[in-house]
Amino acid sequence: MTIRIEKVDLPGIGVRNDLVTESGNRLGVVSFRDGERVLAIYDADDPDACRYSIPITEDEAEALADMFGASVAITRLTKLSDETDGLYTEKIKLGGDSPFAGKTLGDTKMRTRTHVSIVALLRDRKVIPSPTPAEPLVAGDIIVAVGTRNGLDAAMRLIDHGPA
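A brief report on the enclosed structure follows. In this text the structure is predicted, and so the values were computed from the model without any measurement. (Residues numbered from 1 in each chain as written. Predicted model: local features only at pLDDT ≥ 70, side-chain atom pairs only at ≥ 80, totals over all residues. Heavy atoms only, no water.)

For Lys-109, the location among the structural elements is in the loop between helix H2 (105–108) and helix H3 (110–114). For the pair Lys-109 and Leu-158, spaced 49 residues apart in sequence, the C-alpha separation works out to 9.6 Å. (Helix = DSSP H or I, 4+ residues; strand = E, 2+ residues; numbered from the N terminus.)

Moving on: the side chain of Arg-26. Relative to the helices and strands, Arg-26 resides in strand S3 (residues 26–32). With a relative accessible area of 12%, Arg-26 lands in the buried category. A polar atom in the side chain of Arg-26 sits 2.8 Å from the side chain of Glu-6. At a separation of 3.3 Å, a polar atom in the side chain of Arg-26 contacts the side chain of Asp-18. Ignoring anything within four residues of it in the chain, the contact list for Arg-26 reads Arg-4, Glu-6, Arg-16, Asp-18, Leu-19, Val-20, Ala-40, Ile-41, Tyr-42 and Pro-47. (Buried < 20%, exposed > 50% of the residue type's maximum accessible area, 1.4 Å probe, protein only. Polar contact = N/O pair within 3.5 Å; in protein donor to acceptor, adjacent residues only side chain to side chain. Contact = heavy atoms within 4.5 Å.)

In this section: the sheet that holds S3. Across the sheet, five strands lie side by side as S1-S2-S3-S4-S5; this open sheet has antiparallel pairing. Pairing within the sheet leaves two strands with one partner each, and these edge strands are strand S1 (4–10) and strand S5 (50–56). Strand after strand, the sheet turns through a mean of 20 degrees between neighbouring axes, direction not considered. Strand direction decides the pairing type here: S1 and strand S2 (residues 14–20), joined by seven bridges, are antiparallel. Within S2, the residue paired with Ile-5 across the bridge is Leu-19. (Pairing = 2+ DSSP bridges. Axes fitted to C-alpha atoms, helices over the stretch in contact; angles between N-to-C directions.)

Attention shifts here to the packing of aromatic side chains. Using the criterion set out here, one finds zero aromatic pairs in the structure. The ring of Tyr-42 carries the charged tip of Arg-16 above its face, separated from the ring centre by 4.1 Å. Over the face of the ring belonging to Tyr-88 we find Arg-149, whose NZ or CZ atom lies 5.7 Å from the ring centre. (Phe/Tyr/Trp six-rings, centres within 6.5 Å; stacked < 30°, edge-to-face > 60°. Lys NZ or Arg CZ within 6 Å of the ring centre and 35° of its normal.)

Dropping the structure here:
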């Protein structure tokens, strides 16, 4: 399926970007020149007739982008795991009592110790893709890891209890 996004310049107002769904519905974001934004759902029969509009703040727009970004990233990883025998994706929560809370990702030596790759961190509704070893770990982080079942089990034990 081809994703169709249409951009409409609104002279003196701003710009409107529409996502045209597979079913023909239109979801738009109007970005005004003053920085304000509105989410809009348009009539399928008339792309200029707005059925619903919701003003959103910059923080709300960022939270929505983060929400969609995290959801899409996890879905893609899960699909990859579903298509590959022996490869799994796991979300591991870093508890406040973990020996790695307040340390860096590199301090875990996750790949060396478990043969598991950390592909993202989820923190405060934000995705940190491909985190570097210098990335600090914060209690409550969700570590998105890819590996074998045995490796992921070892990764969970490592995060919870430290190296054996």
